[in-house]
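# Topology and contacts: notes
One letter stands for each residue in the lines below.
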Amino acid sequence: MKILLGIIHILVCLALIAVVMMQHRKSGGFTGAFGGGGTQADMSGTWQRMSGLTKVTAVLMGAFMVISILQVVIR
């Protein structure tokens, strides 16, 4: 079980790196990176406004965190 979880963790890490590297940079330095540049007050439809790569990044990040916690609990 530990070995399988480790292999899945490595695959998720590689996929996360690949997806992050495929995304476009936001111009604006830290302001663009954290959304301070032109944010709207209405955040109700944030998930619909996100691009496909951003959604994949969010899912992979969640999987990475869950697998990391499982690995700590199993050890």
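Residues numbered from 1 in each chain as written. Predicted model: local features only at pLDDT ≥ 70, side-chain atom pairs only at ≥ 80, totals over all residues. Heavy atoms only, no water.

- In the annotation of an unreviewed UniProt entry, the protein is listed under the name Protein-export membrane protein SecG and assigned to Cloacibacillus porcorum.
- One UniProt comment on the protein, placed under Subcellular location (unreviewed entry), says "Cell membrane".
- The UniProt entry for the protein carries the following text under Sequence similarities (unreviewed entry): "Belongs to the SecG family." (UniProt positions renumbered as here; feature names shortened; annotations may be inferred.)

## Remarks on helix 1 (residues 2–22)
- Here helix 1 spans 30 Å end to end across 21 residues, near enough to the 30 Å set by a 1.5 Å rise per residue.
- Packing partners of the buried residues in helix 1 comprise helix 4 (52–74). (Helix = DSSP H or I, 4+ residues; strand = E, 2+ residues; numbered from the N terminus. Expected span 1.5 Å × (residues − 1). Contact = heavy atoms within 4.5 Å.)

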